[in-house]
Amino acid sequence: MMTPESPRAAASASPTRSEQPPGPPPRKGLLEDALFYARFATDPIGFVRKRFETYGDIYRVPTKDVPLYVTRHPDHAHEVLVSRAAHYDKQHSAFKQLSTVLGSGLLTSDGDHWARHRRMMHPVFARSRLAGYADVMVGETSTELASWKHDTYRDLGRDMTELTLRIVSTTLFSHDASGDATRTRTAMASIHDVLGGAPIPEWVPWPGRKRVAESIALLDDLIFSMIAKRRERGPRGGAADLLDLLLAAKDTDGDGAGLSDREIRDELLTLFLAGHETTAHALTWTFILLAQNPDAERALHEELDRVLDGRAPTFDDAERLPYTLQVIKESMRLYPPAYTLARRAIADTQVGGYDIPKGSEVVVWLYMTHHDARWYPEPWRFRPQRFEKEAEARLPKLAYLPFGAGGRACIGRAFALLEAQLVLATLAQRYRLHLARSGRVEPKLRITMFPKRRVVVRLEARRL
């Protein structure tokens, strides 16, 4: 989620200087506050990059309430997310906003509640289930291809959003989401615009709050009706999906209790939205980058033609398509859908040798980590070969973290990478996508990172 501070520079990750990192002076008065937020809103990436260039890998932001520390160094990320993870929770102000939509799902919850729910949901994402999911991923993508025609124009972002929504709905909930796509997309656009920008004080009258409330009500209606229908009909036949597991779940390692409809709603909505939107953005950026980098596109087509020879990909093909996966990973390096990670210190701790007092908030700007020339020479270039096995192994730990890291890493990482790889293989084997407008596509930073403008592409059939 977007926060008004973030890092970029070339200082040491382990200082031996003062107990507090450097940072900008306190802002004085409403005018300075207004100028600060205006500069950040106009160019958040440039604003944050300048802060890192000025203050180094970590800096402190003087605030009236909660101290804020911003970092980009992989070693600092490792401290926050792995080695000192027990010193933090997710009750950061950014997550408090997100909780108004998602409730207490895996993304926003902490402690015993999070651990209990993670145990219950883990079987759905086990590797043994991925082969079955792969069939759905390719099948839904093949259905999408049936609507594509040579030399026609498509709204790429809309197509990828609707496709990934159908995939996550079918694989995890056994639900046909074809009729929900427009309503879901409209609701999420409102939520992004309202919650993803600079925070508005509660006492300020603002119509955006009504739009969010209406969007949440729409999503609640969709999710609660799904729960009610499944309770009425009972479990489906065959392997249980996520909804079956949540309805039947008993915490055998805890108190033996099941989940309330509200708890199930929070988890379904978290995966329903986070599980399709981030992958849709990743695929959209991937096709944009391929259209702008013909050498990489040719290398991708060569691999797809050699391995698949015109047939649809399968789960077993994923390991035979390493360059396809490298393309996805490099796209998510350049444009990570989740571009920051935020935590709150629940104990006095340290980051990079600096003292972090209890109650402070820490933001890891992983977008800046991903664009640091120390780890990625020519960081703005699209070079999928960075993720060849040997090259990837040489990266510092947590120099690449689009799915987070440590015990709170994304539970759906393997699912999302497999989905992106198979969708890309299925579509790129059949079509080249040309951008209808030339020039760089600028990112828009809200809850996630997506293209600032609508991306229209012209389809060129590779196999007529």
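Residues numbered from 1 in each chain as written. Predicted model: local features only at pLDDT ≥ 70, side-chain atom pairs only at ≥ 80, totals over all residues. Heavy atoms only, no water.

J.: Got a minute to help me understand the sheet that holds strand β1 (residues 58–61) in this structure?
T.: Hydrogen bonds along the backbone pair up the strands of a sheet, which may run parallel or antiparallel. Strand order in the open sheet formed by five strands is β1-β2-β8-β5-β3, and the pairing between neighbours is mixed. Looking at the sheet topology across the chains shown, the edges are occupied by β1 and β3 (88–89). Relative to strand β2 (residues 68–71), β1 runs antiparallel, the two being bridged by four bridges. Bridging across to β2, arginine 60 finds its partner in tyrosine 69. Strands in contact with helix α2 (residues 44–55) are β1 and β2; relative to β1, the strand with the most contacts, it is inclined by about 110°. (Pairing = 2+ DSSP bridges. Helix = DSSP H or I, 4+ residues; strand = E, 2+ residues; numbered from the N terminus. Contact = heavy atoms within 4.5 Å. Axes fitted to C-alpha atoms, helices over the stretch in contact; angles between N-to-C directions.)

J.: It is not clear to me how the environment of glutamate 302 should be interpreted in this structure. Could you clarify?
T.: Of note, glutamate 302 is situated in helix α12 (residues 294–308). On the basis of relative accessible area, glutamate 302 is assigned to the partly exposed category, the value being 42%. Sequence separation between glutamate 302 and aspartate 33 is 269 residues; the distance between their C-alpha atoms is 53 Å. (Buried < 20%, exposed > 50% of the residue type's maximum accessible area, 1.4 Å probe, protein only.)

J.: Explanation requested: helix α7 (residues 156–173) in the structure shown.
T.: Three- or four-residue spacings in an α-helix give side chains the same orientation, since the helix completes a turn every 3.6 residues. Counted at 1.5 Å a residue, the expected span for α7 with its 18 residues is 26 Å, and the 25 Å between its end C-alpha atoms agrees. N-cap assignment for α7: the residue whose side-chain oxygen lies 3.4 Å from the backbone N of glycine 157 is aspartate 155. Directly beyond the C-terminal end of α7, a positive phi value near 55° is found at serine 174. (Expected span 1.5 Å × (residues − 1). Polar contact = N/O pair within 3.5 Å; in protein donor to acceptor, adjacent residues only side chain to side chain.)

J.: Would you mind going over empty space enclosed by the protein with me for this structure?
T.: In this approach a probe as big as a water molecule rolls over the atoms, and the regions it shows empty are the leftover space. In the structure shown here, the tally under the stated rule is two cavities of 30 Å³ or more. Reported here for the largest cavity is a volume of approximately 1,000 Å³. Around the largest cavity sit 48 residues that line it, and Leu107, Ala274, Thr278, Ala338 and Cys410 are the ones nearest its centre. Every element with two or more residues in the lining of the largest cavity is listed here: α4 (93–102), α5 (111–121), α7, α8 (181–195), α11 (261–292), β5 (341–345) and α16 (413–430). It is α11 that provides the largest number of residues to the lining of the largest cavity, a total of nine residues. Space inside the second largest cavity adds up to approximately 50 Å³. Lining the second largest cavity, in full, are Phe287, Leu290, Ala291, Glu297, Leu300, His301, Ala428, Tyr431, Arg432 and Leu433. Along the lines of polarity and charge, the residues of the lining of the second largest cavity split into seven nonpolar, one polar and two charged. (1 Å grid on protein atoms, 1.4 Å probe; cavity = no way out; pocket = protein on both sides within 12 Å on 5 of 7 lines; lining within 4 Å. Points joined across faces, edges and corners; volume = space filled by probe spheres on them. Nonpolar A, V, L, I, M, F, W, Y, C, P; charged D, E, K, R; others polar.)

J.: Which parts of the structure should I look at to understand the pairing of strand β12 (residues 456–461)?
T.: Residues in a regular strand point their side chains to alternate faces of the sheet. Side-chain alternation along β12 places Val457, Leu459 and Ala461 on a buried face and Val456, Arg458 and Glu460 on a face that remains uncovered. With three bridges connecting them, strand β4 (residues 153–155) and β12 associate as antiparallel partners. Opposite aspartate 155, over in β12, you have valine 456 as the bridge partner. Judged from the five bridges that link them, strand β9 (residues 431–435) and β12 form a sheet pairing that is antiparallel. Looking at the pairing, leucine 435 lines up with valine 457 of β12.

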